[in-house]
Amino acid sequence: VITDTPPAGVTVLSFEVTITGATLNPTGGGTPVNMLPGGNPIKIEVKQLETEAAFFSTMSVPAGSYSGFTFNFSNAELTIKNDTGATITFAGVTCLNGLTCEFKPGAPASFTYTGAPFPVTLPSGSSTGFLVDVNLNSIITTPLGVDFAATGALTVAQLPLPGQPTGQLE
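Cut-offs applied
- Residues numbered from 1 in each chain as written.
- Predicted model: local features only at pLDDT ≥ 70, side-chain atom pairs only at ≥ 80, totals over all residues.
- Heavy atoms only, no water.
- Helix = DSSP H or I, 4+ residues; strand = E, 2+ residues; numbered from the N terminus.
- Buried < 20%, exposed > 50% of the residue type's maximum accessible area, 1.4 Å probe, protein only.
- Contact = heavy atoms within 4.5 Å.
- Areas by Shrake-Rupley, 256 points an atom, 1.4 Å probe, with all protein chains shown as cover.
- Phe/Tyr/Trp six-rings, centres within 6.5 Å; stacked < 30°, edge-to-face > 60°.
- Disulfide = S-S within 2.5 Å.
- Pairing = 2+ DSSP bridges.

Notes on the overall build of the chain
Thinking step 1. A count of helical and extended segments in the chain gives 1 helix and 14 strands.
Thinking step 2. Counting every position in the chain, which comprises 170 residues, the buried fraction comes to 39%.
Thinking step 3. Once local pairs closer than 6 in sequence are excluded, the contacts in the chain between residues at least 24 apart make up 71%.
Thinking step 4. If you sum the accessible surface of the chain, you get close to 8600 Å²; carbon and sulfur atoms cover 54% of it.

Next up, the structure:
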């Protein structure tokens with residue numbers, strides 16, 4: 001499951017990115033578990049995730065200990081309304097104050113997340129999931145870059161969330 005925290009002080013109208021790879025990594029090595037259904041890339045409209053969650057995939061994962069996720073991103077597209085009071089120029093695109101502009105910022109080819117709740121141990125027959133929260137306020141850098149490895153850019157919580165019944169997301 002993937003969601004998004006809205007940015008502070010940035011008018012982001014649209015932010016799309018393609019997830020070309022996602023694996024759950026076993027602790028101590030071993031073969032990572034591919035989390036993309038059929039191994040096919042998934043295009044995500046991150047801005048839309050502020051109001052609704054998107055199910056990334058559902059699958060059975062072998063029992064064991066896991067140290068984190070590795071994500072591969074490509075084709076980032078960012079549409080903003082420039083309310084900075086100044087002209088913004090990034091990657092050859094000039095955006096005057098008050099205008100709406102589209103940028104294609106670079107994104108890291110690969111990012112490995114190993115923060116909380118990892119490491120986790122998944123027993124045989126257990127039912128769990130992970131909620132990945134994307135924070136645009138942390139991902140979008142000055143001047144208009146995209147950094148999924150930035151502090152606070154992604155957070156992960158293991159499901160079910162504390163205080164929520166099993167089978168409930170929100």
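Read on for the rest.
Considerations on unusual backbone geometry
Thinking step 1. Looking along the chain, the bond that leaves Ala116 and enters Pro117 is cis, with omega of 10°.
Thinking step 2. In this structure, Pro117 sits in the loop between β9 (111-113) and β10 (120-122).
Thinking step 3. With omega at 0°, the peptide bond leading from Phe118 into Pro119 counts as cis.
Thinking step 4. The backbone of Asn75 shows a phi angle near 55°, a positive value even though the residue is not glycine.
Thinking step 5. The residue Asn75 is located in strand β5 (residues 64-81) in this model.

Points about the packing of aromatic side chains
Thinking step 1. Tallied over the full model, the rule gives 8 aromatic pairs.
Thinking step 2. Look at Phe69 and Phe118: their rings are 5.4 Å apart centre to centre, the planes differ by 85°, and that puts the pair in the edge-to-face class. With Phe69 in strand β5 and Phe118 in the loop between β9 and β10, the pair connects residues that are 49 residues apart, well separated along the chain.
Thinking step 3. Classification of Phe118 by relative accessible area gives buried; the value is 8%.
Thinking step 4. Taken together, the ring pairs connect Phe15, Phe69, Phe71, Phe73, Tyr113, Phe118, Phe130 and Phe148 into an aromatic cluster.

What about the state of the cysteines?
Thinking step 1. Per the counting criterion, the structure on display carries 1 disulfide.
Thinking step 2. Put simply, Cys95 and Cys101 are joined by a disulfide, and their sulfur atoms are 2.1 Å apart. What sets the handedness of the Cys95 and Cys101 disulfide is the S-S torsion sign, and at about 85° it is right-handed.
Thinking step 3. Using a relative accessible area of 11% as the deciding quantity, one classes Cys101 as buried.

Quick word on the pairing of strand β8 (residues 100-103)
Thinking step 1. By the alternation rule, side chains of β8 split into Cys101 and Phe103, which are all buried, and Thr100 and Glu102, of which none is buried.
Thinking step 2. Bridge count for β5 against β8 is 4 bridges, and the pairing is antiparallel. Counted as the bridge partner of Ile80 is Cys101 from β8.

A word on the environment of Ile44
Thinking step 1. Structurally, Ile44 can be placed in strand β4 (residues 42-45).
Thinking step 2. On the accessibility criterion, Ile44 (8% relative accessible area) is buried.
Thinking step 3. When the C-alpha positions of Ile44 and Ile19 are compared, they lie 7.4 Å apart, and in sequence the two are 25 residues distant.

Section: the environment of Phe15
Thinking step 1. With respect to the element layout, Phe15 can be found in strand β2 (residues 11-26).
Thinking step 2. Classification of Phe15 by relative accessible area gives buried; the value is 0%.
Thinking step 3. Here the alpha-carbon distance between Phe15 and Phe103, two residues 88 residues apart in the chain, equals 9.6 Å.
Thinking step 4. Excluding residues that lie within four positions of it along the chain, Phe15 makes contacts with Ile44, Glu45, Val46, Lys47, Ala76, Glu77, Leu78, Leu136, Val146 and Phe148.

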